[in-house]
Amino acid sequence: MLNKNVEAALNEQINAELYSSYLYLSMCAYLQNEGFAGMANWMKIQAQEELTHSNKFFDYVNERGGRVWLKAIDAVPTEFDGPEDVFKLVQEHEQKVTGLVNNLMDVAIAENDHATKSFLQWFIDEQVEEEASVQEIVDSLKLIKGNGHGMLMLDREMKARVFADSTGE
Ligand code: FEO
């Protein structure tokens, strides 16, 4: 049976992952509208990935005999100030998510819930990758400094990203 504090924290994280997906889908819509089809593709896949994260938590709560309660998802921003602004916000958001996953791990440790600790390790590792991949894009955008040719090349590169479910679900 799932510890009540752990169950509540996992439910919060389901909401946070759904919010992330909604946020990235909003960024995708903005980028698409601004003519950055490749970056929009990257962001759409990012939004899909967040849904797989949410599902992984959802299935885990059920597997442990817990109860999922879906709450309202906060509204997301819809206007941004160009790709640099968007990816800087993604970076900040992923840093925040890393903090949430770490807090979740703290709850599992405090409650001596070894199964949840083991489950959460995947997310701890995933956040390292998430932060590194967005850091790369932020760095590229910094180098490009809005140069048209550079933006075009980066956008083309980001169009090549394909969705792959890495959660093992
Ligand atoms: Fe679900 Fe981008 O972390």
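## Re the environment of L89
Thought 1: For L89, the location among the structural elements is in helix α3 (residues 82-110).
Thought 2: Placed 49 residues apart in sequence, L89 and V138 show a C-alpha to C-alpha distance of 9.9 Å.
Thought 3: Every residue in contact with L89, bar those within four places of it in the chain, is listed here: M27 and F80.

## Here's the deal with helix α2 (residues 37-63)
Thought 1: Compared with an ideal rise of 1.5 Å per residue, which puts 27 residues at 39 Å, α2 spans 39 Å between its outermost C-alpha atoms and is within 8% of the ideal.
Thought 2: Within two residues after α2, G65 carries a phi angle of roughly 80 degrees, on the positive side.

## Description of a negative patch on the surface
Thought 1: Residues D59, E63, D165 and E169 make up a contiguous surface patch of negative charge.
Thought 2: With respect to the secondary-structure elements, E63 resides in helix α2.

## Some details on the environment of Q127
Thought 1: The residue Q127 is located in helix α4 (residues 114-144) in this model.
Thought 2: Judged by relative accessible area, Q127 falls into the buried class, the value being 3%.
Thought 3: Separated by 38 residues in sequence, Q127 and D165 have C-alpha atoms that sit 15 Å apart.
Thought 4: With sequence-adjacent residues up to four places away left out, Q127 is seen in contact with E94, V97, T98 and V101.

## A word on the packing of aromatic side chains
Thought 1: In total, this model carries 7 aromatic pairs according to the counting rule given.
Thought 2: Summarising the aromatic geometry, the rings of Y60 and F119 are spaced 4.0 Å apart at their centres and angled 10 degrees between planes, so their arrangement reads as stacked. With a gap of 59 residues between them, Y60 in helix α2 and F119 in helix α4 connect regions that are remote in the sequence.
Thought 3: Take Y60: its relative accessible area is 6%, and that puts it in the buried class.
Thought 4: Note on W122 and F123: the rings are 4.9 Å apart at their centroids and 80 degrees apart in plane angle, and the pair reads as edge-to-face.
Thought 5: Since its relative accessible area comes to 22%, W122 is described here as partly exposed.
Thought 6: Taken together, the aromatic side chains of F57, Y60, F119, W122 and F123 make up a single cluster linked through ring pairs.
Thought 7: Positioned over the ring face of W122 is K56, at 4.9 Å from the centre of the ring.
Thought 8: Directly above the aromatic system of W42 lies the positively charged group of R161, at a separation of 4.7 Å from the ring centroid.

## A word on the packing of helix α1 (residues 4-33) against α3
Thought 1: α3 packs onto α1 with a crossing angle of 170 degrees between their chain directions and a minimal axis gap of 11 Å. Classed by the angle they form, the pair α1 and α3 counts as roughly antiparallel.

## Focus: the nonpolar core
Thought 1: One finds M27, L31, M39, M43, V86, F87 and V90 to be the most contacted residues of the largest nonpolar core, which totals 26 residues.
Thought 2: If you list the elements that add at least two residues to this core, you get α1, α2, α3, α4 and α5 (148-159).
Thought 3: If one sorts the elements of this core by residue count, α1 sits on top with 7 residues.
Thought 4: If near-sequence neighbours (up to four positions away) are discounted, V90 is found in contact with Y24, M27, M43 and V134.
Thought 5: Core analysis: the next-biggest nonpolar cluster, separate from the first, contains 17 residues, F57, Y60, V61 and F119 among them.

Thresholds applied
Residues numbered from 1 in each chain as written. Predicted model: local features only at pLDDT ≥ 70, side-chain atom pairs only at ≥ 80, totals over all residues. Heavy atoms only, no water. Helix = DSSP H or I, 4+ residues; strand = E, 2+ residues; numbered from the N terminus. Contact = heavy atoms within 4.5 Å. Expected span 1.5 Å × (residues − 1). Patch = residues over 30% accessible without salt bridge, like charges linked within 9 Å, V, L, I, M, F, W, Y side chains within 5 Å. Areas by Shrake-Rupley, 256 points an atom, 1.4 Å probe, with all protein chains shown as cover. Salt bridge = Lys/Arg side-chain N within 4 Å of Asp/Glu carboxyl O. Lys, Arg positive; Asp, Glu negative; His and termini not counted. Charge placed at Lys NZ, Arg CZ, Asp CG, Glu CD. Buried < 20%, exposed > 50% of the residue type's maximum accessible area, 1.4 Å probe, protein only. Phe/Tyr/Trp six-rings, centres within 6.5 Å; stacked < 30°, edge-to-face > 60°. Lys NZ or Arg CZ within 6 Å of the ring centre and 35° of its normal. Axes fitted to C-alpha atoms, helices over the stretch in contact; angles between N-to-C directions. Parallel < 35°, antiparallel > 145°, perpendicular 65-115°, else oblique. Core = buried A, V, L, I, M, F, W, Y, C linked by side-chain atoms within 4.5 Å.

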